[in-house]
Amino acid sequence: MDVETLISSYLDYSCELHTHWHSCQYHTVPAVTWQYVSNWSQNGTKYAWHRSNPDTGRMGQFRLVLERDQIMDRFGEVTARLEQVLGAISYEKLDISDEVKEQVELVVGQFRRAKGRVDAPNVELYEDLLSLYDKSNDTLADPTVIRRVAGKLQLMGIADLTQESIALHEMVSASGGDPGESIEKMSMLLKKIKDFVQTENPNLDSPAQEKSKCSGQASADGTQKLPVIPDDFRCPISLELMRDPVIVSTGQTYERSCIEKWLEAGHGTCPKTQQTLTSTALTPNYVLRSLIAQWCEANGIEPPKRPNSRPNKTLSACSPAERTKIETLLRKLTSNSPEDQRSAAGEIRLLAKRNADNRVAIAEAGAIPLLVGLLSTPDSRTQEHAVTALLNLSICEDNKGSIIFSGAVPGIVHVLKKGSMEARENAAAALFSLSVVDENKVTIGGSGAIPPLVTLLSEGTQRGKKDAATALFNLCIYQGNKGKAVRAGIVPTLMRLLTEPQGGMVDEALAILAILSSHPEGKAAIGAAEALPVLVEVIRNGSARNKENAAAVLVHLCSGDQQYMIEAQELGVMGPLVDLSQNGTERAKRKAAQLLERMNRFVEQQKLAQAQAEAQNQQSRPPASANAVDS
């Protein structure tokens, strides 16, 4: 390993440790962080640590508060040693690039500032926890104190309480099976908090949290905790959730504003790989943006808004000859000859499909309004060319806004309703492409696009169904469009696609149902469609992703509706749920755990009610009459 690579590796570790240093101050140190600190302390300055899986558990919240001073001292020690090592590098003797020098100075400065701004310990939380910790199990605890502790430790939801139980279990395992008095008291305290939370909210099934912008950080008062943001959704530069992810020439993805600042500073390399960038072009990562929106929807939080400021408009690199050709085609679009219009629209369609420069040049020449005007032409072939050309042009980020501002959506919806099958398919694909921009979801949903999309989903070709499904899924990320889709009859169509013999649309159908089930109208329609047997079968035998979505639908169905819980139990869902909670995707595990918790609680309530009824019957039953005395 060369010197520059070694230093970069130190920097990667230092930046991650610096991030988790602040997590420690908020009482949320992940297992991965503690593993870093422990191994670094044992191995000195040797670059040899083991990255544990952050999903396998974490240090218990109770232990983190009670042992905060020791933990912070350990972090402080490691930070000081890293600062000392990085600060002692002699640049004159080493062949190190200016970029790496700047990174070293930045990280050293961060550690110096971190040492001076450690948060003061939360004395009230510490004393509250000690007061509960020192009480015996029979002593009645003050509900006000329990509520305050549960809020500050972010243990107000079933998922959070489950994670704390896992952390305590890991502490018991680490002790060799002998938990000792302290861990037993922690377990008793956790039970008190769990009983209190369930008493306060009997229908609780997920962490209590308000919808807010997705930052992945604890709130300032420590009473709210947002889901941990997956690493792939964070910008490697800012470590924040990406709002406008773009791809650079090395294939890495960054937040647009961050990579633009990097490039404006004169850097010519990829920040993550240090490879030389062959081009400064930034390509929008629509797939990742859609995945981020799905993740936000699945976790009940508002998707991040893209910045209002538009990036500098991309300029075309087309030659003068190519521009002349485009201008000629545009003149033909405005002619009175249907044949000229048809052939020109067809050529523009192909040019726009060919490369990005053509898409920019065609838009710059003013083609978009002319193509929009052709969407209502009676010539079906011209109409097909026009809507497909707009689809191809919409691939360019800058063109999306121009297409919307040109009033294209009503024309595209007209084609979706009245055009040929190929034109309808491409109209659906165009709506999907335009709906990638969040504000366009509202515009498209309000234009009457959803009913014809549902019709295409029902009666289109396989390709048409796929195009309609992706458009509907994207549109229904916006809460206001969910009711429109339900009222358009999407749920019966989705149920039919779920049970088709060939099963080519199961993935798409379940993904859309999972989004719709969070809406009251969607939940009611799914219940009325008798979806429960199909969902249980998917949880039993479906693919990993389909099991996840089926469990998500079932969570919403069983929320507050005992009839669905009873039916699901009768269908034998408990066994598959236990398996899913152990072997499913991370989201599937969470959903399965919520369902199991709720169903087990329901069974216990049923048993208790039955026992009380039997006891009441025993008390109301008259005593047996004595035998008559023989005369």
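Above: the structure in question.
Since the model is a prediction, treat every value here as computed from it, not as a measurement. (Residues numbered from 1 in each chain as written. Predicted model: local features only at pLDDT ≥ 70, side-chain atom pairs only at ≥ 80, totals over all residues. Heavy atoms only, no water.)

### So, the overall build of the protein
Link 1 in the chain: When you go through the protein residue by residue, the secondary structure sums to 31 helices and three strands.
Link 2 in the chain: Relative to its full complement of 631 residues, the protein shows a buried share of 48%.
Link 3 in the chain: In the protein, of all internal contacts separated by at least 6 residues, the share reaching a separation of at least 24 is 69%.
Link 4 in the chain: Summed over all atoms, the accessible surface of the protein reaches about 30,400 Å², with 51% contributed by carbon and sulfur. (Helix = DSSP H or I, 4+ residues; strand = E, 2+ residues; numbered from the N terminus. Buried < 20%, exposed > 50% of the residue type's maximum accessible area, 1.4 Å probe, protein only. Contact = heavy atoms within 4.5 Å. Areas by Shrake-Rupley, 256 points an atom, 1.4 Å probe, with all protein chains shown as cover.)

### Observations concerning the pattern of salt bridges
Proximity of charged atoms lets side chains of opposite charge pair with each other.
Link 1 in the chain: Taken as a whole, this structure holds 19 salt bridges when the rule is applied.
Link 2 in the chain: Between Glu384 and Arg349 there is a salt bridge; the shortest N-O distance is 3.3 Å. Taken together, the residues span a long stretch of sequence, with Glu384 in helix 16 (residues 380-393) and Arg349 in helix 13 (residues 338-354) at a distance of 35 residues. Per residue, the accessibility class of Glu384 equals that of Arg349, and both read buried.
Link 3 in the chain: Through salt bridges with shared partners, a single network forms among Asp244, Arg256, Arg289 and Glu397. (Salt bridge = Lys/Arg side-chain N within 4 Å of Asp/Glu carboxyl O.)

### Considerations on the packing of helix 18 (residues 408-418) against helix 21 (residues 450-459)
Link 1 in the chain: Viewed as axis vectors pointing N to C, helix 18 and helix 21 meet at an angle of 35°, and their least axial separation amounts to 9 Å. With respect to the hand of their crossing, helix 18 and helix 21 are arranged in left-handed fashion. Contact residues: Val413, Leu416 and Lys417 in helix 18; Pro452, Leu453 and Leu456 in helix 21.
Link 2 in the chain: The residue makeup of the contact of helix 18 with helix 21, split by class, is five nonpolar, no polar and one charged. (Axes fitted to C-alpha atoms, helices over the stretch in contact; angles between N-to-C directions. Left-handed = near helix turned anticlockwise from the far one by under 90°. Nonpolar A, V, L, I, M, F, W, Y, C, P; charged D, E, K, R; others polar.)

### Points about helix 20 (residues 438-445)
Link 1 in the chain: Those residues of helix 20 not exposed but buried are Asp438, Asn440, Lys441, Ile444 and Gly445. The buried residues of helix 20 occupy an angular sector of 145° when the element is viewed end-on, so they sit on one face. (Arc of directions from axis to C-beta.)

### Overview of the sheet that holds strand 1 (residues 245-247)
Link 1 in the chain: On the basis of which strands lie adjacent, the open sheet formed by three strands has the order 2-1-3 and antiparallel pairing. On the outer flanks of this sheet lie strand 2 (253-255) and strand 3 (283-284), each paired with one strand and no other.
Link 2 in the chain: Both strand 1 and strand 2 contribute to a ladder of three bridges, which runs antiparallel. Counterpart to Val246 in the pairing with strand 2 is Tyr254.
Link 3 in the chain: Along the sheet face, helix 10 (residues 256-264) touches strand 1, strand 2 and strand 3 and points at about 95° away from the line of strand 2. (Pairing = 2+ DSSP bridges.)

### Focus on the side chain of His385
Link 1 in the chain: Within the secondary structure, His385 is located in helix 16.
Link 2 in the chain: Relative accessible area serves as the criterion here: at 10%, His385 is assigned to the buried category.
Link 3 in the chain: Among all residues touching His385, those that are not within four sequence positions of it are Arg342, Ala345, Gly346 and Arg349.

### Some words on empty space enclosed by the protein
Link 1 in the chain: Here the structure, examined in full by the defined rule, presents one cavity of 30 Å³ or more.
Link 2 in the chain: Of the pockets and cavities examined, the largest cavity occupies roughly 120 Å³.
Link 3 in the chain: Those elements giving two or more residues to the lining of the largest cavity turn out to be helix 11 (286-298) and helix 20.
Link 4 in the chain: Considering every element that reaches the lining of the largest cavity, the biggest residue donor is helix 11, with four residues.
Link 5 in the chain: Considering only residue class, the lining of the largest cavity consists of seven nonpolar, two polar and five charged. (1 Å grid on protein atoms, 1.4 Å probe; cavity = no way out; pocket = protein on both sides within 12 Å on 5 of 7 lines; lining within 4 Å. Points joined across faces, edges and corners; volume = space filled by probe spheres on them.)

### Observations regarding the packing of aromatic side chains
To describe a pair of aromatic rings, you give the distance between the ring centres and the angle between the ring planes.
Link 1 in the chain: Per the stated rule, a full pass over the model turns up one aromatic pair.
Link 2 in the chain: With a centroid separation of 6.1 Å and 75° between ring planes, the pair formed by Phe233 and Trp295 is classed as edge-to-face. With a gap of 62 residues between them, Phe233 in the loop between helix 9 (180-200) and strand 1 and Trp295 in helix 11 connect regions that are remote in the sequence. Neither residue differs from the other here; Phe233 and Trp295 are each classed as buried. (Phe/Tyr/Trp six-rings, centres within 6.5 Å; stacked < 30°, edge-to-face > 60°.)

### Observations concerning the nonpolar core
Link 1 in the chain: One finds Leu371, Ile412, Leu453, Leu457, Ile490, Leu516 and Leu535 to be the most contacted residues of the largest nonpolar core, which totals 101 residues.
Link 2 in the chain: The dominant element in this core, judged by the number of residues it contributes, is helix 25 (residues 506-516), at nine residues.
Link 3 in the chain: Excluding anything up to four places from it in sequence, Leu453 contacts Leu416, Ala428, Leu431, Ala468, Ala471, Leu472 and Leu475.
Link 4 in the chain: Core analysis: the next-biggest nonpolar cluster, separate from the first, contains 20 residues, Met242, Val248, Trp295 and Cys296 among them. (Core = buried A, V, L, I, M, F, W, Y, C linked by side-chain atoms within 4.5 Å.)

### Notes on helix 25
Link 1 in the chain: Burial runs high along helix 25: ten of the eleven residues are buried.
Link 2 in the chain: Every buried residue belonging to helix 25 is among Val506, Glu508, Ala509, Leu510, Ala511, Ile512, Leu513, Ala514, Ile515 and Leu516, and all of these are buried.

### Topic: the side chain of Lys400
Link 1 in the chain: Inspection of the secondary structure puts Lys400 in helix 17 (residues 397-405).
Link 2 in the chain: Summary of buried charges: Lys400 has no salt-bridge partner, and the nearest side chain of opposite charge, Glu397, is 5.2 Å away.
Link 3 in the chain: Beyond its immediate sequence surroundings of up to four residues, Lys400 is in contact with Tyr286, Ser394, Ser433, Leu434 and Val437. (Lys, Arg positive; Asp, Glu negative; His and termini not counted.)

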